[in-house]
Each structure stands twice: as structure tokens, then as C-alpha cells.
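# Geometric and topological summary
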Amino acid sequence: MKASDVKKGNVVEHEGTVYQVRDIERSSPTARGGNVTFRFTLYSIPGGRKFDLSLRADDDLKEMELVRRAANFSYMDGDTYVFMDNEDYTQYTLDPELIGDNAGYIVEGVEGYYVQVIDDAPVGLQVPTSVLLTVVDTAPELKGASATKRTKPAKLNTGIEIQVPEYITTDEKVWVNTLTGEFAGRGNEKTF
């Protein structure tokens, strides 16, 4: 496809690497006969490394087909994560590098995970915007402190640590916003 036809969100290949287009800046020439150029902000799939690319309007970029498959986390196989496709039960094995910072948000029995696939190979994982996790360790509640909005660290069942309000106790379930990594409510209430 021509550079002028590329849209945000497209997945393209450039010099053997696959990227997702996050931003496009179009610059028009001031002199007659100059070329319109497009500056793309790209992020590699997998890995998410930023790459800036400038092309003329008629330059070609190879568009790739990125398929999002709804999947559920099944189990750990060594240090790899195994997800099962919700429709055809295909198993996708994802390396820790592919999962990255999302590892703390992977739990069984949660809907909303999407495995990103190019040419039948998993290249990325999209996690739900919130997950319900269990507090496995936090300091006891301080009596009389409930009027203030102080927080304390809490370790969760997936190994991540977040700040929670003082009234949260060990073994309690909490919602965590996966975009910010912050506390988003008690297990019985969803605040977003």
C-alpha cells in the first residue's frame, strides 16, 4: 500500500520487522515540485520498540494482517504462558518477552484476553482493562485511620505490588486497572 493510504492502527512491515502505526504526521512541501512526506510513529510487534519512519506519499509499505483472537489463559509451561482460543481451541504459547509487563495481569478464568496473531504465529497479547486479583500480603488496617485517604503497599497473587487504601486486608479481592497498574475498587464493587 502507498504511504498516503496508511491509517493509524495499521500493521505494516518495514525492512523485515512488523510494526503497528500509532501516529502519522503529514507535511506538505513549501516549494513547488516538492513531495508530500509522511512521518510515521511505529511500534514493533512484538516488543513495542518505538521507530520513526519518514516516507514520500508514493513510497510503498507492505500491510500485514493482524488477527485478534479471543483467548483464555490455560496454564504455565515452564516460563511460557499457554492461552487457548475461545472459538477453535487452538493453543498459543507466548514467551515472557511477548507478555512483558502484562505478566502481573494474567489469571485463569478471566475473559477479555486477545492473542494477536500474524501468519498463524502469536506476536502479542492484549489484556482486559481491569482484572480481579487477590491480596496475598499487606499491613493490617490502622484503627481510626479510615477518615483519611492513606494508602499502603499490597502484594497480589500474581506477584505484582500496588498501593491500596488502608482498609483493604489480606485475602481480599481487588480490581486493578491494567492501563495504570492502580487499585480500582474492592472485589465486590467496580468503579470504572
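These notes cover the structure that comes with them. For every chain, the first residue of the written sequence is number 1, and numbering continues from 1 along that sequence. Given that the model is predicted, a residue must reach a pLDDT of at least 70 before its local features are reported, and side-chain atom pairs must reach 80 or more before they are shown or counted; all residues, however, enter totals for whole chains, interfaces and linings. Excluded from the side-chain calculations are hydrogens and water; all other atoms, namely the structure's heavy atoms, are used.

### Concerning the sheet that holds strand S3 (residues 37-44)
When DSSP finds two or more bridges between a pair of strands, those strands are recorded as paired. A run of H or I in DSSP counts as a helix once it spans at least four residues, and a run of E counts as a strand once it spans at least two, with each numbered from the N terminus. Strands sit in the order S4-S3-S2-S1-S5 across an open sheet of five strands; the sheet is antiparallel. Of all the strands in the sheet, just strand S4 (50-56) and strand S5 (62-63) have a single pairing partner and so form its edges. Direction of pairing for S3 relative to S4: antiparallel, over a ladder of seven bridges. Across the sheet, phenylalanine 38 pairs through a bridge with leucine 55, a residue of S4.

### Focus on the packing of aromatic side chains
Aromatic pairing here means that ring centres of Phe, Tyr or Trp (its six-membered ring) are within 6.5 Å. Orientation follows from the plane angle: under 30 degrees is stacked, over 60 is edge-to-face, and everything else is tilted. Overall, the coordinates contain five aromatic pairs when judged by the stated rule. Considering the side-chain rings of phenylalanine 38 and phenylalanine 40, the 6.3 Å spacing of their centres and the 15° angle between planes classify their relative orientation as stacked. When its relative accessible area of 0% is taken as the criterion, phenylalanine 40 is described as buried. Three or more aromatic residues joined by ring pairs form one cluster here, namely Phe73, Tyr81, Phe83 and Tyr113. Sitting over the ring of tyrosine 43, arginine 22 keeps its end group 4.2 Å from the ring centre. Sitting over the ring of tyrosine 114, arginine 68 keeps its end group 4.2 Å from the ring centre. Each residue is placed in one exposure class: buried if its accessible area under a 1.4 Å probe, protein chains only, is under 20% of its type's maximum, exposed if it is over 50%, and partly exposed if it falls in between. Sitting over a ring, as applied to charges here, requires NZ of Lys or CZ of Arg to be within 6 Å of the ring centre and within 35 degrees of the ring normal.

### Considerations on the pattern of salt bridges
Salt bridge, as used here, is a side-chain nitrogen of Lys or Arg placed within 4 Å of a carboxyl oxygen of Asp or Glu. A complete count under the given rule lists ten salt bridges for this structure. A salt bridge links aspartate 85 to arginine 69; the shortest N-O distance between them is 2.6 Å. Taken together, the residues aspartate 85 in strand S7 (residues 80-85) and arginine 69 in strand S6 (residues 67-77) connect sequence positions 16 residues apart. One salt bridge connects arginine 69 with glutamate 87, and the closest N-O pair in it is separated by 3.8 Å. Of the two residues, arginine 69 is situated in strand S6 and glutamate 87 in the loop between S7 and strand S8 (91-94); the sequence distance between them amounts to 18 residues. Residue class for arginine 69 comes out partly exposed when judged on its relative accessible area of 21%. Each member of the salt-bridge network shares a partner with another, and the members are Arg69, Asp85, Glu87 and Asp88.

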